[in-house]
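Letter by letter, the chains look like this.
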Amino acid sequence: MKLARLLLALGLILVPAALRAEPYLLNPQDQLTLRAIFWKADEGLYLAWDGINGDYRISPEGNLHLPLIGRVPAAKRSLAELTEEITLQLQQRIGSPERPEVSLEVSAYAPIYILGAVTAPGAYPYRPGMTVQQAVAVAGGVLRPAAGAAAGAPDRAASYGGEVKLASDALAQLRQTKAWLEAELAQLSPAPANARPPARDPQLGPVDAAMFAANRSARGAETESLGELRAVLTEQIQRFEQQIELRDSQIAQISADLGGMEQLRDQGLAANARVTALSTQLSDLESKRLDLENARLLAEQQLNQATRDELGVTEKARTDFLSQLRQVNADISANEIKLSTATALYSSAIAAGAMPVPGITPLEPEYVVTPATPGQPQAVFEATEPLPPGSTLEVVMKVDETASIAAAGGN
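Thresholds applied
- Residues numbered from 1 in each chain as written.
- Predicted model: local features only at pLDDT ≥ 70, side-chain atom pairs only at ≥ 80, totals over all residues.
- Heavy atoms only, no water.
- Pairing = 2+ DSSP bridges.
- Helix = DSSP H or I, 4+ residues; strand = E, 2+ residues; numbered from the N terminus.
- Buried < 20%, exposed > 50% of the residue type's maximum accessible area, 1.4 Å probe, protein only.
- UniProt positions renumbered as here; feature names shortened; annotations may be inferred.
- Expected span 1.5 Å × (residues − 1).
- Arc of directions from axis to C-beta.
- Contact = heavy atoms within 4.5 Å.
- Polar contact = N/O pair within 3.5 Å; in protein donor to acceptor, adjacent residues only side chain to side chain.
- Phe/Tyr/Trp six-rings, centres within 6.5 Å; stacked < 30°, edge-to-face > 60°.

1. Examining the pairing of strand β4 (residues 63-66)
- Judged from the four bridges that link them, β4 and strand β5 (residues 70-73) form a sheet pairing that is antiparallel. Across the sheet, His-65 pairs through a bridge with Arg-71, a residue of β5.
- Count of turn residues in the β4/β5 antiparallel hairpin: three residues, of which Leu-68 carries a positive phi of about 75°.

2. Some details on unusual backbone geometry
- With a phi angle near 80°, Gln-29 is a residue other than glycine that sits in the positive phi range.
- Positionally, Gln-29 belongs in the loop between α1 (2-9) and β1 (31-40).
- Judged by relative accessible area, Gln-29 falls into the partly exposed class, the value being 30%.
- Even without glycine at this site, Lys-76 takes up a positive phi of about 65°.
- Examined against the element boundaries, Lys-76 turns out to sit in the loop between β5 and α2 (79-94).

3. Overview of the UniProt feature "coiled-coil region" (unreviewed entry) in the protein
- Using the residue numbers shown here, the UniProt feature "coiled-coil region" (unreviewed entry) corresponds to residues 275-309.
- Split by type, residues 275-309 is 100% helix and 0% strand. Its first and last C-alpha atoms lie 51 Å apart.

4. Some details on α2
- With 16 residues, α2 extends 23 Å from end C-alpha to end C-alpha; this agrees with the ideal 22 Å at 1.5 Å per step.
- Inspection of α2 places Leu-82, Thr-83, Ile-86, Thr-87, Leu-90 and Gln-91 among the buried residues, and these make up the whole buried set. Down the axis of α2, the buried set is contained in an arc of 165°. They therefore lie on one face.
- Close packing links the buried residues of α2 with β1, β4, β5 and β6 (101-108).
- A positive phi of about 65° marks Gly-95, the residue just after α2.

5. A short note on the side chain of Asn-27
- Topologically, Asn-27 is positioned in the loop between α1 and β1.
- A relative accessible area of 6% places Asn-27 in the buried class.
- A polar side-chain atom of Asn-27 sits 3.2 Å from a polar atom in the side chain of Tyr-24.
- In this structure the side chain of Asn-27 is engaged in a polar contact, spanning 2.9 Å, whose partner is the backbone oxygen of Leu-25.

6. Observations regarding the packing of aromatic side chains
- Tallied over the entire structure, the rule returns two aromatic pairs.
- Relative to Tyr-126, the ring of Tyr-109 has its centre 6.1 Å away and its plane inclined at 75°; by these criteria the two rings are edge-to-face. On the criterion of sequence distance, the pair formed by Tyr-109 in the loop between β6 and β7 (112-116) and Tyr-126 in the loop between β8 (122-124) and α3 (132-138) is long-range, its members being 17 residues apart.
- Using a relative accessible area of 24% as the deciding quantity, one classes Tyr-109 as partly exposed.
- Overall, Tyr-126 belongs to the buried group, its relative accessible area being 9%.
- Taken together, Tyr-24, Tyr-109 and Tyr-126 form an aromatic cluster joined through their ring pairs.

Here you go:
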């Protein structure tokens, strides 16, 4: 074990990359202490370079301004990289064959700024690897309501808490209604061959459940009635076609008999009265066939209308449900805005010292971090995430809207 530690200290044992700490990258507002010494050959000793030794702060633009050298980019660079560049530039400026000995260390990191719902907001020293949770602890922890509430805060909390509950209840009901409407629309749409079996209907209140059940029942009864009418009309058309086929056979037979009788009459072998009787019988059959044809056409028209009506029941229901769904979506958006506004106002009242309203999910801190680098957006951090140096941490107390809706009976 001692040998392994010695080899590790001498760098003879390779440490896996995953176990090696990443070098700290410098940031604007970091303060560096620079120490430089140079070899004076004529005296045979090293001398401190007093003209350049001292403390320097990285500018907001990320540069280090040093005597003799001037501007040196420093932000987002490691100490080793920056030390190497300063050493080379000093050597070039004095034209010495010997490299000066330069050391750099961070004497003060860019501070972090903590504000919002903390006990002691302000600027605090930063150390590499500091997490959000540790920073909040440095600022005295998350602010809790004091025993003596600020003037008017309890009344405001009660009022806004009521609005949170109302908006949560409304959202829960609207989302249940939306789920039902989507389930109804799914039933009215033709299912693909590989579609999954429909999930069970979502839960609704008794009034809405009764309304949807009544709509389904009425739509089913109307569809069933039209289906029965179509079946009757289809059977009638089949009977008409059979009777027309029979009349066609009879007409063909009488026509043949009439033709033969007319030939016999012309030869004086048949009486004219027989020809007249066959002609009358043929005319009667053709008239009856025409009536059957008209009856079949009428039945076909009625069948087509019943088919259109049956399809119309589904299309009308789909149109109604789409219209209702559009309105429900608009109502959900409006209530989400109401809930968000009420939640923000309620959170402010609690932060001012009011006690939480029973039945509403307790406030939870949200950590909003604004990086020091211009142009980078704000982000919500977890408590265990490390803070960037120089960043601003705002602790915001918020109501968990999802949990509030769930507590109100929503999905």
